Structures are given as structure tokens and as C-alpha cells.
Amino acid sequence: MIQRTLVLIKPDGVQRALIGRIIQRFEDAGLKIIGMKMVWVDSDFAKKHYSEHVQKDFYKSLEEFITLGPVVAMVIEGVYAIEVVRKLVGPTEPRSAPPGTIRGDFAHMSYDFSDSKGIGLKNIIHASSSEEDAKREISLWFSDDELHSYKVVHEIHSMG
Ligand code: CDP
Ligand code: MG
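Residues numbered from 1 in each chain as written. Chains lettered and ligands numbered in written order. Predicted model: local features only at pLDDT ≥ 70, side-chain atom pairs only at ≥ 80, totals over all residues. Heavy atoms only, no water.

A few words on the overall build of the protein chain. Scanning the protein chain from N- to C-terminus turns up eight helices and four strands. The order of α-helices and β-strands along the protein chain, N terminus first, is β-α-α-β-α-α-β-α-α-α-β-α. Taking the principal axes of the C-alpha coordinates as reference, the protein chain spans close to 55 × 35 × 25 Å. The buried share of the protein chain, reckoned over its 160 residues, is 44%. Split by element, the accessible area of the protein chain, about 8,900 Å² in all, is 54% carbon and sulfur. (Helix = DSSP H or I, 4+ residues; strand = E, 2+ residues; numbered from the N terminus. Buried < 20%, exposed > 50% of the residue type's maximum accessible area, 1.4 Å probe, protein only. Areas by Shrake-Rupley, 256 points an atom, 1.4 Å probe, with all protein chains shown as cover.)

What the four strands build is an open sheet, ordered 2-3-1-4; its pairing is antiparallel. Whereas interior strands pair on both sides, the edge strands pair on one side only; in this sheet they are strand 2 (32-39) and strand 4 (125-127). Ignoring strand direction, the axes of neighbouring strands in this sheet form an average angle of 20°. Across eight bridges, strand 1 (residues 2-9) lies against strand 3 (residues 71-79) in antiparallel orientation. Of the residues in strand 3, the one forming a bridge with Leu6 is Val75. Sitting on the sheet, helix 8 (residues 131-141) touches strand 1, strand 2, strand 3 and strand 4, and the angle it makes with strand 1 is about 60°. (Pairing = 2+ DSSP bridges. Axes fitted to C-alpha atoms, helices over the stretch in contact; angles between N-to-C directions. Contact = heavy atoms within 4.5 Å.)

Moving on: the nonpolar core. Residues Ile22 and Phe26 are the most contacted members of the largest nonpolar core, which totals 21 residues. Those residues within four positions of Phe26 in sequence are excluded, and the remaining contacts are Val7, Leu31, Ile76, Val85, Leu88, Val89, Ile102 and Ile125. One finds Ala46, Tyr59, Phe65 and Ile66 within the second-largest nonpolar core, a separate group that totals 17 residues. (Core = buried A, V, L, I, M, F, W, Y, C linked by side-chain atoms within 4.5 Å.)

So, on to the site of ligand 1. If you check the shell around ligand 1, you find 14 residues, and the closest are Lys10, His53, Thr92, Leu121 and Asn123. Side-chain polar atom of Arg103 to an oxygen atom of ligand 1: 3.1 Å apart, as the coordinates give it. Asn123 has a polar side-chain atom sitting 2.8 Å from an oxygen atom of ligand 1. Residue assignment for the shell around ligand 1 shows that the elements contributing at least two residues are helix 4 (59-66) and helix 7 (111-117). Residue composition of the shell around ligand 1, by class: six nonpolar, four polar and four charged. (Near = heavy atom within 4 Å. Polar contact = N/O pair within 3.5 Å; in protein donor to acceptor, adjacent residues only side chain to side chain. Nonpolar A, V, L, I, M, F, W, Y, C, P; charged D, E, K, R; others polar.)

Below you can see the structure in the form of C-alpha cells.
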């Protein structure tokens, strides 16, 4: 039940100075940040991270987007963290992401607008979407010694 997931505050989120407010939402939910760093991704690394999308029509725009500035990368741990983080993040398209979600509250772009302009869908944040993806993405972004084991106060509430 305790899972780890990879979260990226994408270049649009960093440039819009939303780092603190986004991290706050995960801390507020009682999730634990066990690794964090700022990284400026290059083209090769982007292809590794988004390997499932490399062949798709939108990939060129996506790569330009994810490499346009630094991202903040985090590993977040908690009970069903993969699912819970995706819930806080919201659906991929900000246009249809509900209020209360990170993508719904901090962005409003649509697929058709981004595609018509030939630009990436600016949606602030990435989060792993399955256990398999989380495992692969965490090992791509972080080495074992960059992930930390420590207690947060919320763990008092999870003691039997
Ligand atoms: O990020 P998420 O897992 O919600 O969505 P995805 O379908 O795995 O797509 C990865 C990322 O590609 C999205 O978050 C968008 O930023 C980007 N994308 C895009 O730029 N243009 C599209 N037409 C579709 C996705
Ligand atoms: Mg995805």
C-alpha cells in the first residue's frame, strides 16, 4: 500500500514561480517528500523519460516544452501515493481538469489550442501514472543515495 511516485514541476510551473504552492499541496495531504532536486533536462533524457510518447505526433512539441527550462523533480511517498498524487494533479488537459486540482487551478490550456500552435500542452506538472511507470521513472531520475528515509509527524497517525 505504501507507494513511491515521481513528480516533476515542469518548466512552466517553475517559470511561473509556483514551486512553493505546488509542494504545499503534497505536504498538506500528509505525503512525504523523500527526494528533491532541480534539473535542466536535455533531449536525450527527455526521450528516456517520455519513451512511451517518442513516436507520437506531439512528441517534438513535448520535448521542446520539457527542455525549455529547469524542472523540480521529487519522489513522494505515502499510502497509495501514485493514485493520490494523480488525484491532486488532475487530468492531463487543464481545460477539463476540475477546480481543486493542480492542473485545474493553475492552468487552463487545451489540447486543440496547443496542437494548433504546435506547442506542448502547458500543464504545470508530471506525476507517474502506474506502479510500473513510477518504478522506471524513479530509477531514471534518482539514485538510491538521493532518496532519504526519515519520519514525519503524520506517521504518528499511521501507527497501529
Ligand atoms: O502527463 P500525463 O500522464 O497526464 O499525460 P500523457 O498523456 O502521458 O502526456 C504526457 C505529456 O505530454 C502531457 O502532460 C502534456 O504536457 C504533453 N502533451 C502535449 O504536449 N500535447 C498533446 N497533444 C498531448 C500531451
Ligand atoms: Mg503520462
